[in-house]
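Listed here are the chains, written in short residue letters.
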Amino acid sequence: MDYLALYVTLKLALVTTIILMVIAAPVAYALAYYRFAGKSFLEALIYLPMALPPTVIGFYLIIVMGPKGFIGKAWGMFTGGSLLFTFIGITIASIIYSIPFAVQPMKAAFSKIDRRLLEAAYVLGLSKKATFFRVIIPNSISGIAAAAILVFLHSIGAFGVLLMVGGSIPGQTEVASIAIYEAVEMMDYRAAGMMALSFIPISYAFLLLINKLNEDSRV
Amino acid sequence: MKLCRIVAAFVLIVLMSSVSAFAEQKLSVAVAANFISAFKEMAADFEAKTKIKVDGTFSSTGNLYSQIINGAPYDLLLSADEERPARLNKDGLADKPFVYAKGQAVLWSASKDFCKAKTWQDALKNEQIKKISIANTQTAPYGAAAKKALEKAGMWDGLQNKLVNAQDIAQSFQYASTSAVDAGFCAMSATAGAEGKKGCFFVIHEAPEIIQSACILKRTTNRASVEKFVQFLSSPAAKEIKVKYGYR
């Protein structure tokens, strides 16, 4: 069994989840509490990766992250290296691919909080920042956790985008989903079977946890 | 909060554990799909002799080529043609290419009845043959060679609705060996493996011999090791492996 590929998958999913939750929280906050011009257009744009084929995302990422693309060029100037076919490259791809799965549940969780709680916080003199950390987060923690788990699972399952942007370099960009595909291609069914089997309990356990969190938030 | 700490510890362990474990010397080789089995044997042999680890990334030559021009960090390309290494050399991305193997396209089937026909052309004309796999004719040199042979035989247009496109030559063989298709255009090297021996094959003499070039990529950071591996490719031990897999 290819432990290295499983490790890369796990690392990618963790890094993606951590970074994305930090980026997505203010976005979800803005979408939940503010009204501004073009909001519905922005929201649709944020959810777009969910509705696009992974190959479309992969194609555009190759264009912008390649040596001639503007992100790839800037990256090359600072680091002298390429962004495609690196772990950082697939992390960026994975973050973009999973944005909707972070923003949507968090926005829903934020919107569900009783407005009166927030008003009470403001009346009692809490700043917006303090309200966010001391009222909003504790009251939507199960929704936030659900978002994190969804992002984690979605990153574990990514395939097409990562194959296009990362190729399949062992220890760098060869994630388990790609390793399984390659093992099948090489007719190493034993290796493919072992890896495939290891996915099922992990994903199932996390889904159970999401259900549990959703139930808790309803009470 | 206890749960938080456990999660945080888990995250830290995963993120930190990488650096030490994989720091040893390592080569990254882009390998054309027809050469997978031979490469794996060679890599294992080379590793045992030199303690230099050799990792392979396997795909069609065309796919690997486009990865390389987009900056993929390989040390060496084992291509399934002469053309792409030459182009990389011309564009200043690779050293002068050299031929490391010569391969042959075959038509393989999991069913031994298939080879009772006199020629491969007759075998394909059989009504029972509904699906035939072929590697991508644009990106896989073995697919391109098979296409040329079919064109020479005047069968290319007539077979269009029976042909199933595979990503690369390894997948073409996978389709054939799982009987997902009735027969598949494969590399001679596939017929030497355990799976390959279970079926039968025709040698496609009409397909041009496939001259496989390799080139060291200029961006390599392990020049000494990669040169050692290149030398190993023409050693008697490596030649023996090549012959075993039907390369000349």
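Residues numbered from 1 in each chain as written. Chains lettered and ligands numbered in written order. Predicted model: local features only at pLDDT ≥ 70, side-chain atom pairs only at ≥ 80, totals over all residues.

With that settled, the discussion passes to the overall build of chain B. In terms of helices and strands, chain B carries 11 helices and 10 strands. When burial is assessed residue by residue, chain B has 48% of its 248 residues classed as buried. Of all intrachain contacts in chain B linking residues separated by at least 6 positions in sequence, the fraction that spans at least 24 positions is 80%. (Helix = DSSP H or I, 4+ residues; strand = E, 2+ residues; numbered from the N terminus. Buried ≥ 20, exposed ≤ 12 C-beta atoms within 10 Å, placed from the backbone. Contact = placed C-beta atoms within 7 Å.)

Residues and elements named next belong to chain B. Entries for chain B in the domain assignment read domain 1 (25-102 + 211-244) and domain 2 (105-203). For domain 1 versus domain 2, the distance between C-alpha centres works out to 26 Å. The interface of domain 1 with domain 2 comprises 15 residues on the first partner and 15 residues on the second. Breaking the side of domain 1 that touches domain 2 down by element, the ones donating at least two residues are α3 (36-50), β2 (53-59) and α4 (61-69). Broken down by class, the residue content of the side of domain 1 that touches domain 2 amounts to 6 nonpolar, 7 polar and 2 charged. (Domains from an automatic or database assignment. Nonpolar A, V, L, I, M, F, W, Y, C, P; charged D, E, K, R; others polar.)

In this section: the sheet that holds strand β4 (residues 98-103) of chain B. All names here are of chain B. What the 5 strands build is an open sheet, ordered β2-β1-β3-β10-β4; its pairing is mixed. Strands at the two margins of the open sheet, each flanked by one partner only, are β2 and β4. Averaged over all pairs of adjacent strands, the angle between strand axes in this sheet comes to 20 degrees, irrespective of strand direction. Examined bridge by bridge, strand β3 (residues 76-78) and strand β10 (residues 210-216) share 3 bridges and lie antiparallel to one another. The partner of L76 across the bridge, within β10, is I216. (Pairing = 2+ DSSP bridges. Axes fitted to C-alpha atoms, helices over the stretch in contact; angles between N-to-C directions.)

The next thing to look at is the packing of α3(B) against helix α11 (residues 236-244) of chain B. Axis angle and axis distance: for two packed helices, these are the angle between their axes and the distance between the axes, and together they describe the pair. Residues and elements named next belong to chain B. Two elements in contact, α3 and α11, have axes whose closest approach is 9 Å; the angle formed by their N-to-C orientations is 155 degrees. Classified by the angle between their axes, α3 and α11 sit roughly antiparallel to one another. The interaxial crossing formed by α3 with α11 has right-handed handedness. Between α3, through A38, E41, M42 and D45, and α11, the contact on the second element is made entirely by A237, A238, I241 and K242. (Parallel < 35°, antiparallel > 145°, perpendicular 65-115°, else oblique. Left-handed = near helix turned anticlockwise from the far one by under 90°.)

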